[in-house]
Amino acid sequence: MEVPILKQGSYLIASVQSALTDADLRQLQERLAGMVSRHRSRGVVVDLAAMDVMDSFASRTLRDTAHMLRLRGAATVIVGIQPEVAFAMVQLGMNLEGIATALDLEDGLALLDERVGGGPGHVR
Amino acid sequence: MSDEACVPINWEVDVVTARQRGRALASELGFSRGDLALIATAISEVARNILEYAGHGEVTVATAQDGRRRGIMVVARDEGPGIADIALAMQDGYSTGKGLGVGLPGSRRLMDDFEIASEVGKGTTVTMRKWVP
Ligand SMILES: Nc1ncnc2c1ncn2[C@@H]1O[C@H](COP(=O)(O)OP(=O)(O)OP(=O)(O)O)[C@@H](O)[C@H]1O
Ligand SMILES: [Mg+2]
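Analysis parameters
Residues numbered from 1 in each chain as written. Chains lettered and ligands numbered in written order. Predicted model: local features only at pLDDT ≥ 70, side-chain atom pairs only at ≥ 80, totals over all residues. Heavy atoms only, no water. Contact = heavy atoms within 4.5 Å. Salt bridge = Lys/Arg side-chain N within 4 Å of Asp/Glu carboxyl O. Polar contact = N/O pair within 3.5 Å; in protein donor to acceptor, adjacent residues only side chain to side chain. Pairing = 2+ DSSP bridges. Helix = DSSP H or I, 4+ residues; strand = E, 2+ residues; numbered from the N terminus. Axes fitted to C-alpha atoms, helices over the stretch in contact; angles between N-to-C directions. Core = buried A, V, L, I, M, F, W, Y, C linked by side-chain atoms within 4.5 Å. Buried < 20%, exposed > 50% of the residue type's maximum accessible area, 1.4 Å probe, protein only. Phe/Tyr/Trp six-rings, centres within 6.5 Å; stacked < 30°, edge-to-face > 60°. Lys NZ or Arg CZ within 6 Å of the ring centre and 35° of its normal.

Next up on the list: the interface of chain B and chain A. Taken together, the contact between chain B and chain A spans 24 residues of the former and 23 residues of the latter. The tally of links between chain B and chain A comes to 5 salt bridges. Notably, a salt bridge pairs D55 of chain A with R48 of chain B, separated by 2.5 Å at the nearest N-O pair. The interface formed by chain B and chain A includes 11 residue pairs in polar contact (both at pLDDT 80 or more).

What follows is the structure in structure tokens.
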């Protein structure tokens, strides 16, 4: 299932709507990388509210994605991770170290504004 | 229990199916939301290992009973290459692939019981249980 990615000013917002397969995650990574380059986006919010599980592959792929986007000039914020999903991640031994996280989309966008400093075309 | 299931693991999407079937059974058994996430995560790890190292296999989720305790039993079975050194494979950070080596030791932490049997050239069976508190 393809994750919808919305362009909002200089930001991109990817909202995961359902459980993702490994292929879905890899595709999300590729599409975000392509769109950040094409639109010269400065920030990306990935909303994981609908994600049932963050296993080792999903955590690793998201971490790689954030690093890749940073190299292309965009800051990434992960939002919406359910508390029980976060707890399971920690028990498993995974973390999202080095990645900014926020409670929800609104907080995520506010954090991006702080990090990349808004500028022309910014959303809020 | 109606939600017992055997899920063949051949494709990536089967990993998602396996953890969803496990979650459904665990939910029926009365596990909390938090426990459902732990169980689903462990199933995801062992199912992915099947796909990655053996190519195919199956994950069975069933009700476990031990005296008055009830819980969920997850069995991940494959006839892949097997694991030469199980103690090493169970160590955090050990991976022969491009992983972080958290799948097996992490699943052991997520569940109450964890057993692994493996023979080189024959295959691997991981059996995990979690009891309803
Ligand atoms: N079903 C299996 N068949 C054969 N070898 C396996 C199997 N499961 C695990 N292994 C071996 O055990 C090692 C450790 O597995 P584990 O799941 O802990 O880490 P990983 O899969 O390498 O990385 P991660 O799970 O963090 O992505 C693997 O690298 C692999 O060599
Ligand atoms: Mg693994």
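Moving on: the sheet that holds strand β4 (residues 113–119) of chain B. Residues and elements named next belong to chain B. The strand order across the open sheet built from 5 strands is β1-β2-β3-β5-β4, with neighbouring strands paired in antiparallel fashion. The open sheet has two edge strands with one neighbour each: β1 (5–9) and β4. Averaged over all adjacent pairs, the angle separating strand axes in this sheet is 15°, with direction ignored. In the sheet, β4 pairs with strand β5 (residues 123–131) via 7 bridges, with the strands oriented antiparallel. Note that in β5 the partner of D113 across the bridge is R129. Packed on one face of the sheet, helix α4 (residues 103–110) meets β4 and β5 and runs near 150° to β4.

Membership of the largest hydrophobic core comes to 64 residues, with the highest contact counts inside it found for L32 of chain A together with V59 and I72 of chain B. Excluding anything up to four places from it in sequence, V59 of chain B contacts A5, C6, V7, I9, A18, I43, A47, I50, V74, V75 and A76 of chain B. Counting residues in hydrophobic clusters, the runner-up holds 11 residues, among them V77, L109, L111 and L112 of chain A.

One pass over the structure, following the stated rule, counts 0 aromatic pairs over all chains. The residue whose ring lies beneath R69 of chain B is W131 of chain B, and the NZ or CZ to ring-centre distance is 4.2 Å.

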